[in-house]
Amino acid sequence: MMQNNNVIHVKELTKKFGDFTAVDAITFDVKKGEIFGFLGANGAGKTTAIKMLIGISNPTSGEADVAGFNVFTNTEDVKKNIGYMSQKFALYDDLSVKENITFFGGIYGLSRKRIKEKSNALIEELGLEKIANHLVGSLPLGWKQKIAFSVALLHDPKIVFLDEPTGGVDPITRRQFWEMIYKASHEGTTIFVTTHYMDEAEYCDRVSIMVNGKIEALDTPKRLKEQFNAKSMNDVFLKLARG
Amino acid sequence: MSINLEHISKSYGKVEAVKNISFKVNPGELFGLIGPDGAGKTTLFRILTTLLIADEGKANVTGFDVVKDYKNIRKSVGYMPGKFSLYQDLTVEENLTFFATIFGTTIEENYELIKEIYVQIEPFKKRRAGKLSGGMKQKLALCCALIHKPKVLFLDEPTTGVDPVSRKEFWEMLKRLQQKGITILVSTPYMDEAALCDRIALIQDGEILEIDTPANIVKHFPKTIYNIGSKDMYELLQKLKEFEHTYSMYPFGEFVHYTDKRDNFNPTELRQYLEKNGLQNITIEKTKATIEDTFMELAK
């Protein structure tokens, strides 16, 4: 199964819908504590790939282990050992901050005592004392995203999947969000992140770029820029995705 | 003046979405509203497209008052809302025909204007709009907003969630529409797109922070910015945060943009401080302010 330090191991992973191959034999490993950027144009197959990795879509063929569990046979264990947040789905607007924390803690099977501890710690760390009982729907987007990220880490997952976590957020909050990412990574949590902000791609330890279902490039941002003779990740992306 | 707002305010209950906003857009100008979610951009669009009435202030579009002459405005502007608002159950072609008919025209009559965009989605003209990819939906929505040959085009976050390649193509399309004489008001949360506008308004929390050309806006940045690089980004951020002379520090790609509180900043001193704190491969170089730097400084 999982070798050495890899928390994600993917080999020739493929997903077909009828005669359309959405994900075409992708292969990569992600190490513990790594910030792994998963980039690609709209329609390149990123979402389909992520759905397989988080255990909600069955691959057509290939291999994949996530957090030590097989995504073909062990999807429930995969789900218990990962965190997930996206711009589209993060928290329940009609529940308060505290209620959201309690709800997600419960979903992940934490004990009442543990939920209370985690909830207090999270509220203190983010400085949410005054708004802990406010409905999430009433909070600014930036706050929601920060809380959602913390909630995704509530059950101490080995990996957290972030699907465009910073879309539409103001530049200062976007950077505060990335500081939270760095911190989690520093503490050993693996971060798997998609983004359309190419400056954020530079913050990743390694970046993969998907084009038409295949991974066309995978390396550190520095080496990718050298490889494609580009000044920025934006240039790398434009060169690759435009062929 | 193509668009003219004077002291426009709008609240939703206790929330002041737009606070006393005034600006003008010249005919043929490509004007950008740059700001994050919740800044008030969509409220402004809805007021200017006559879909919402302001609490206070006056606004004109192509010389017509947004309240009294709303019918004339609706005839002469195109609007692409941030949320996909075409009929999901109609095909590409049916949507376009529908919008053409509503405005008393035909696809053929104004085909020249949309041709370049429409040819890209024409192979899918029998497909239902709901089944299109994000990029194709965006192109169809733009065609529908253009089919009656509007004088002013309102585009509310047309590139949000769109990848860098498609974003670049979209902006190239906008430039060509501008050359055809259409005035364009476009909003975006992407600061790099601001540089492509003739003039921009930086907006946050319902207020305008600054209005000017992109070049002038970065010129106004009050401090010298240094690009600081190091092997360990997280440690670098922590140490810069603890440094007593730090005025601002924001990650920018592979570097941190750093400004110092003092006028007589000495990079060597900072280098020594970072080295003493165990950081490796330190680089410190002057760099130019970007619109994002300016936005963050103004929004502070």
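The present account deals with the structure reproduced in this document. (Residues numbered from 1 in each chain as written. Chains lettered and ligands numbered in written order. Predicted model: local features only at pLDDT ≥ 70, side-chain atom pairs only at ≥ 80, totals over all residues. Heavy atoms only, no water.)

1. With respect to the side chain of B:Ser248
Residues and elements named next belong to chain B. Along the chain, Ser 248 turns up in strand β12 (residues 246-252). Within polar-contact distance, the side chain of Ser 248 engages the side chain of Thr 259 at 2.7 Å. Non-local contacts of Ser 248, meaning those with residues more than four positions away in its chain, are made with His 257, Tyr 258, Thr 259 and Lys 300. (Helix = DSSP H or I, 4+ residues; strand = E, 2+ residues; numbered from the N terminus. Polar contact = N/O pair within 3.5 Å; in protein donor to acceptor, adjacent residues only side chain to side chain. Contact = heavy atoms within 4.5 Å.)

2. Some points on the layout of surface pockets
To find the voids left in a structure, one rolls a probe of water-molecule size over its atoms. As a volume, the second largest pocket reaches approximately 1,100 Å³. For the second largest pocket, the lining is made up of 40 residues, of which A:Met198, A:Asp199, A:Ser232, A:Asn234 and B:Asp192 are closest to its centre. Counting residues per element, the lining of the second largest pocket draws most heavily on helix α6 (residues 164-179) of chain B, at six residues. Looking at the lining of the second largest pocket residue by residue, the classes come out as 16 nonpolar, eight polar and 16 charged. Summarising the domain contributions, the lining of the second largest pocket has at least three residues from each of domain 1 (3-219) and domain 2 (225-299) of chain B. (1 Å grid on protein atoms, 1.4 Å probe; cavity = no way out; pocket = protein on both sides within 12 Å on 5 of 7 lines; lining within 4 Å. Points joined across faces, edges and corners; volume = space filled by probe spheres on them. Nonpolar A, V, L, I, M, F, W, Y, C, P; charged D, E, K, R; others polar. Domains from an automatic or database assignment.)

3. A word on the sheet that holds strand β10 (residues 214-219) of chain A
Residue and element names in this part refer to chain A. The six strands lie next to each other as β6-β7-β8-β3-β9-β10, forming an open sheet whose pairing is mixed. Edge strands, defined here as strands with exactly one partner in the open sheet, are β6 (82-86) and β10. Each neighbouring strand pair of the sheet contributes to a mean axis angle of 15°, computed without reference to strand direction. The strands that helix α1 (residues 46-53) touches are β3 (35-40), β6, β7 (159-163), β8 (190-194) and β9 (206-211); relative to β3, the one it contacts most, it runs at about 140°. (Pairing = 2+ DSSP bridges. Axes fitted to C-alpha atoms, helices over the stretch in contact; angles between N-to-C directions.)

4. Thoughts on the sheet that holds strand β2 (residues 20-31) of chain A
Residues and elements named next belong to chain A. An order of β2-β1-β4-β5 is seen for the four strands of this open sheet, with the pairing classed as antiparallel. Strands at the two margins of the open sheet, each flanked by one partner only, are β2 and β5 (69-70). Contacts from α1 reach β1 (6-17), β2 and β4 (61-66) within the one sheet, and its direction differs from that of β1 by about 120°.

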